[in-house]
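# Results of the structural survey
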Amino acid sequence: MKVFYNYLPNEFSDIEKILNDWQKLIKSSDFTLGKYVLDFENKFKKFLNVKHCISTNNGTDALILALKSLGIGPGDQVITVTNTFYATVGAIVAVGATPILIDCDERFQINVKRIEEAINIKTKAIIPVHWGGASPDMEAIMDISIKHNILVVEDACMGIGALVGQKAPGTFGKVNAFSMHPLKSLNVMGDGGMVVTNDDHLACWIKKYRNHGMIDRDHIEFWGVNMRLQPLQAIVASHRLDELNNTIEKRNFNAAYLDKNLRGLSENIQIPLRIKGNIETFALYMALFDKRDELKDFLISKGVEVKIHYPIPLHKQTAAQQDCLCSKDLKISEDQANKLLTIPVHQYLQIEHMQYVVEKIKEFYNI
Ligand SMILES: *Cc1c(COP(=O)(O)O)cnc(C)c1O
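On a predicted model such as this, the values are computed, not experimentally measured, just so you know. (Residues numbered from 1 in each chain as written. Predicted model: local features only at pLDDT ≥ 70, side-chain atom pairs only at ≥ 80, totals over all residues. Heavy atoms only, no water.)

Below, the discussion takes up the overall build of the protein. Each helix and strand counted, the protein has twelve helices and 13 strands in total. For a compact globule of 367 residues, the expected C-alpha radius of gyration is about 21 Å, and the protein comes in at 21 Å, within 12% of that figure. Counting only C-alpha atoms and orienting by the principal axes, one finds that the protein spans roughly 70 × 55 × 35 Å. Counting over 367 residues, the protein shows a buried share of 56%. For the protein, restricting intrachain contacts to residue pairs at least 6 apart in sequence, the fraction spanning at least 24 positions comes to 71%. By element, 51% of the accessible surface of the protein is carried by carbon and sulfur atoms, the whole surface being about 16800 Å². Charge centroids of the protein, computed over 42 positive and 43 negative side chains, lie 1 Å from each other. (Helix = DSSP H or I, 4+ residues; strand = E, 2+ residues; numbered from the N terminus. Rg over C-alpha atoms; globule rule 2.2 N^0.38 Å. Buried < 20%, exposed > 50% of the residue type's maximum accessible area, 1.4 Å probe, protein only. Contact = heavy atoms within 4.5 Å. Areas by Shrake-Rupley, 256 points an atom, 1.4 Å probe, with all protein chains shown as cover. Lys, Arg positive; Asp, Glu negative; His and termini not counted. Charge placed at Lys NZ, Arg CZ, Asp CG, Glu CD.)

And the structure:
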């Protein structure tokens, strides 16, 4: 049996609806922002129940826009977690601020207990990451931000379709970012992103900055950049959004099967806690395994395409020596980097695939 990691060939096997809309777009030549981008932004706004959605080229741009709109730049420090994708930290460096990397917790999320000790007079913002599509303790983070008068910018790139209690990732912070990269829960055929905020003033600035600082064709208000979403991708995103509930439901079903059958099975396996009432996107289903590298090779040899996200925490990257300040104790993320494995649980996998995965893991540990 093959348990594929890549779901994209299945996802776009039926693209009639997308092609129909693409034809309309091509006839209209509405290729720069325009109706299709606006339609999708409005649809996403309703979906998230926020005041402003500004689509972007990708998630990294969305993070950069969010930070820039808040005036974060040289001399400022931004706290984030060391086990995230490069772009979280790259965006902080891109605006000229200094990333402060802190440890994660047992659920692979930013360690809320370590935030306050990293705060000082230069701290401008915290970027909590909804890593893997699960969420950190957003309530605790919001409390800390209020207590210390620090901004929150959520990196909800993997969190589209998740819930933290009743609220969606990306609706807690002041300005928040999403990605629609192929590996995220709402994905396009390439790159796409979104910035969301309830602040009218910031939204207005972000819209202009994304589009050269233009007020109209002949006037700019300030020097901006081009971070616009392609209308072709807005159409893909819009159709994918219609499928999102279904996608999340199926992934949760598969993940729950693995949770149930792997948790408590052996001392060699640690399944992260799930927070009651939260919904995860399972962009990454991660767990900790002893003899991880051998298990990885074994599973791949048996057709199960497992991955590691990631083998090197960001504070260990050469680039971090130059541009980042790191908390002294980053032990949890370092331990996890040696043990974690990502198992495919995407929406095109069936219960038989999950049973096969469990069977092979048991075989590996002689259970
Ligand atoms: C994917 C991702 C990004 C970057 O998004 P792109 O659309 O690839 O630029 C940033 N942060 C996290 C946590 C991500 O998973």
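Let us look at the site of the ligand. Inspection of the region around the ligand gives 16 residues, with Gly-59, Thr-60, Asp-155, Ser-179 and Lys-184 positioned closest. Between the ligand and the protein, one listed contact pairs a nitrogen atom with a side-chain N or O atom of Asp-155 at 2.7 Å. In this structure, an oxygen atom belonging to the ligand sits 2.6 Å away from a side-chain N or O atom of Ser-179. About the coverage of the ligand: the protein hides 94% of its 380 Å² of free accessible area. Secondary-structure elements contributing two or more residues to the shell around the ligand are helix H4 (59-69) and helix H5 (86-94). The greatest single-element share of the shell around the ligand, amounting to three residues, is contributed by H4. The residue makeup of the shell around the ligand, split by class, is seven nonpolar, seven polar and two charged. (Near = heavy atom within 4 Å. Polar contact = N/O pair within 3.5 Å; in protein donor to acceptor, adjacent residues only side chain to side chain. Nonpolar A, V, L, I, M, F, W, Y, C, P; charged D, E, K, R; others polar.)

So, to be careful, I would describe these as geometric facts and stop short of saying anything about function.
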